[in-house]
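# Summary of the model geometry
So the chains spell out like this:
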Amino acid sequence: MQQHFLRIRKLLDITFFRVLFFLVLGAVLYAAMFSNVKPEKLDLSLFSVAEKTIRSPGTVEDKKSTENKRQDALDQVQDVYALKKEYTQNRVDLMTSIFQASAEVNAEINEEVKKQEAQDPEEKPAKQEPTVSERTIRLKAKLPTSVTKDLPDQVFSPLVQASNDELSIAKDLTVTAINNVMTKRISADEVENAKKRVEEELKYTTLNDNLRIAVIELGRYAVIQNEFYDPIATEELRQQAAESVEPVKILQGQVLVEEGELINQDIFRQLQLVGLLDNEKSFKPFIGLVVLITIILSSIYYYFYQMKSTPEKRQTYLLLFGIIFILSVFIMKIISMLQIVNYAWIGYLFPAAMGGMLIKILIDEKLAILMSIIMAVCGSVLFNEGVAGTLNFSEGIYVLFSALAGILFLSSQNRRLKILQAGSFAAAVNLLTILSLMFLANGQFSGLEYGYFLITALVSGVGSAVLTIGLLPFFEASFGILSTMRLIELSNPNHPLLRKILMEAPGTYHHSVMVANLSESACEAIGANGLLARVGSYYHDIGKTKRPNFFIENQMHHDNPHDRLPPDKSANIIIAHVSDGSAILRKYHMPKEIIDIAEQHHGTTLLKFFYHKAVQSNPEIVEEDYRYPGPKAQTKESAVVGIADSVEAAVRSLSQPTPELIESLVKKIIADRLQDGQLNECDITIKEIEIVSHTLCETLKGIFHARIEYPELTKKVKQA
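Residues numbered from 1 in each chain as written. Predicted model: local features only at pLDDT ≥ 70, side-chain atom pairs only at ≥ 80, totals over all residues. Heavy atoms only, no water.

This part covers the environment of Glu-599. Secondary-structure assignment places Glu-599 in helix 24 (residues 592-600). For Glu-599, a relative accessible area of 16% gives the class buried. Between the C-alpha atom of Glu-599 and that of Val-578, which follows or precedes it by 21 residues, the distance is 5.7 Å. (Helix = DSSP H or I, 4+ residues; strand = E, 2+ residues; numbered from the N terminus. Buried < 20%, exposed > 50% of the residue type's maximum accessible area, 1.4 Å probe, protein only.)

Next up, the structure:
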């Protein structure tokens, strides 16, 4: 129950730390970028004079101007009038029917006359022919009432008096004239003019005067309006005109008012529209900043959430990341504050590759890339002085490329020279990025400006390397992080402790080097940290330097002091080298991982030689008194170093090691460790143990290979 309570309390502590961490990180980001997203407010009044040139901070639609432009487009749309072509044919048909009716009347009268003439004059008195008036009445009876009402009898009388040939000619002339005139558009205002054109065409015909007058009247009567207003087509045209109007926008960076220009009503309205007046408040930029920071923090949280590591180590990494991130943002903010001097190249001084290289060396490369992306976003906001809008995309691209260059070029060895080389490579990428951005902008720059950009690129890249080298020891010491570069430094033979082993216990030194070779190859074979195993092997027996002569590898040409000591005393001296070694390593502030290997490489194994020797004199000896205090191996590296340590010592004791004998001995030692439970507390698998066994055998076979025996050479002494 108590353990369960402690586990819950530990979980709550971790949760509280994470919540506090992200709150602090969010507050730092908000404070750093607040002034950069805060809309600029100008104390301007209508009809005042602008003291400086003012540009739009963003792109917004000018709805009033858009509406005015749309109204202008509608006003320019003319009414659509449709031509009724069928009207022409209708009027032609009407005129044709009038002439046909006239011909019919003449034909009827002629038929009646013939019939009358055919009758016997004695049987029936002669009948007179119809008068013109009667003929006219007959003709009007055949025509529509609308025609007879609109036309006087003087138009019809000549028609009923004309012959068929004359009617045919008159019809053709009338129809042709009507066709010629009405094929063209005739609006209501143009009807009278159209009638006159018909009259002009018919005025000079060869018809007799009365018939010509009648034809002219018929032509004038036939011509009517054939062009009419089309409301549907007009509305469609207006709709198209309205839709074709592009919204009027005040573009980002657009000059709203020049320095010394009078602020009229239209300019004042535009300033108010883009939010530059002090009486206009907008919270959108701050909401956008909160959302941006939320996205950044969420990405960081997700990365650490799925990180495969212990909660304690993950918490340490999270705190380390936060410090490096805040430091980078702080440097970026300080440099961004220098933008008031109005130099475009100031932002390029930021050591963009520093944070990424530190994160890669101390934590992980993927996290370093994530930080580079985040820093690019922050840089585009913090270095937005002098650009139209909130984001400086050029600066963001520069920071991203510079950081990625430093991360990708930094090798896994991470020596100081490699960090400087990575910084130089980042400087070259900085220069190329700046040149590409300048050329893309098609700007005009002087030679001096190109020189400034070259200097900033070099300062940024080399400065990133220098800061990385300077800050790395601080973070390693403060957080106890064992980086690759630190391991390489610890592997230097000139290290005081290694020189101590070499000078005071040379046999132990040689043994440690052999164990280092074995453990490194075995760890790399199973994907563990081979460099950590090598360096840990160098220091794992540092405790033997306290009493070097009590260990057999250092007893060259010396008696074995254990021959004069009881087994329990000898066991205590041998066992003490573990605690002595950890004490020495702590005294020299060695990394925890190295100390752990020194403490765990023997685990709780039994000193069989002295135990069996003690049992011979006292069968009641407690076995625990002859076991190492432990702890057992907690990591793969500790387990492999412990196995390699036992294997190397055992193989060294063989007088004639053969491949078969070596393989048998290695397997026996590993089996004893497994049976004794020495590997139960680390995450090494059976498959990995098999790989370790195979790798150790192959390495040992290469070391203890058969050699040629050279015959002894005898010198022949010449006789004098």
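We are not done yet, so read on.
Here we come to helix 12 (residues 284-305). For helix 12, built from 22 residues, the straight-helix expectation of 32 Å at 1.5 Å per residue is met to within 8% by its first-to-last C-alpha distance of 31 Å. Here helix 12 has its buried residues at Phe-286, Leu-289, Ile-293, Ile-296, Leu-297, Ile-300, Tyr-303 and Phe-304. Within helix 12, the buried residues cover an arc of 120 degrees as seen down the axis, which keeps them to one side. The exposed set on the far side of helix 12, more than 90 degrees from its buried face, consists of Lys-284, Ile-287, Ile-295, Tyr-302 and Tyr-305. (Expected span 1.5 Å × (residues − 1). Arc of directions from axis to C-beta.)

Moving on, we get to the environment of Glu-236. By the secondary structure assignment, Glu-236 is in helix 10 (residues 231-243). Taking relative accessible area as the criterion, Glu-236 reaches 48% and is therefore assigned partly exposed. In this structure, the C-alpha to C-alpha distance between Glu-236 and Ser-45, residues 191 residues apart in sequence, is 44 Å.

The next subject is the nonpolar core. Counting 71 residues, the largest nonpolar core has Leu-29, Phe-304, Phe-321, Phe-325, Phe-350 and Ile-363 as its most contacted members. If you list the elements that add at least two residues to this core, you get helix 1 (2-37), helix 12, helix 13 (311-336), helix 14 (352-362), helix 15 (365-382), helix 16 (393-409), helix 17 (416-441) and helix 18 (447-479). Among all residues touching Leu-29, those that are not within four sequence positions of it are Ile-293, Ile-296, Leu-297, Phe-325, Val-329 and Cys-378. (Core = buried A, V, L, I, M, F, W, Y, C linked by side-chain atoms within 4.5 Å. Contact = heavy atoms within 4.5 Å.)

In the structure shown here, the tally under the stated rule is 16 aromatic pairs. Ring plane angle 85 degrees and centroid distance 5.9 Å describe the contact between Tyr-303 and Phe-304, whose orientation is recorded as edge-to-face. For Tyr-303, a relative accessible area of 12% corresponds to the buried category. An angle of 55 degrees between the planes, with centres 4.6 Å apart, marks the rings of Tyr-348 and Tyr-398 as tilted. With Tyr-348 in the loop between helix 13 and helix 14 and Tyr-398 in helix 16, the pair connects residues that are 50 residues apart, well separated along the chain. A relative accessible area of 10% means that Tyr-348 is categorised as buried. Judged by relative accessible area, which is 0%, Tyr-398 ranks as buried. Among the aromatic side chains, those forming a connected cluster through ring pairs are Phe-21, Phe-22, Tyr-301 and Tyr-305. (Phe/Tyr/Trp six-rings, centres within 6.5 Å; stacked < 30°, edge-to-face > 60°.)

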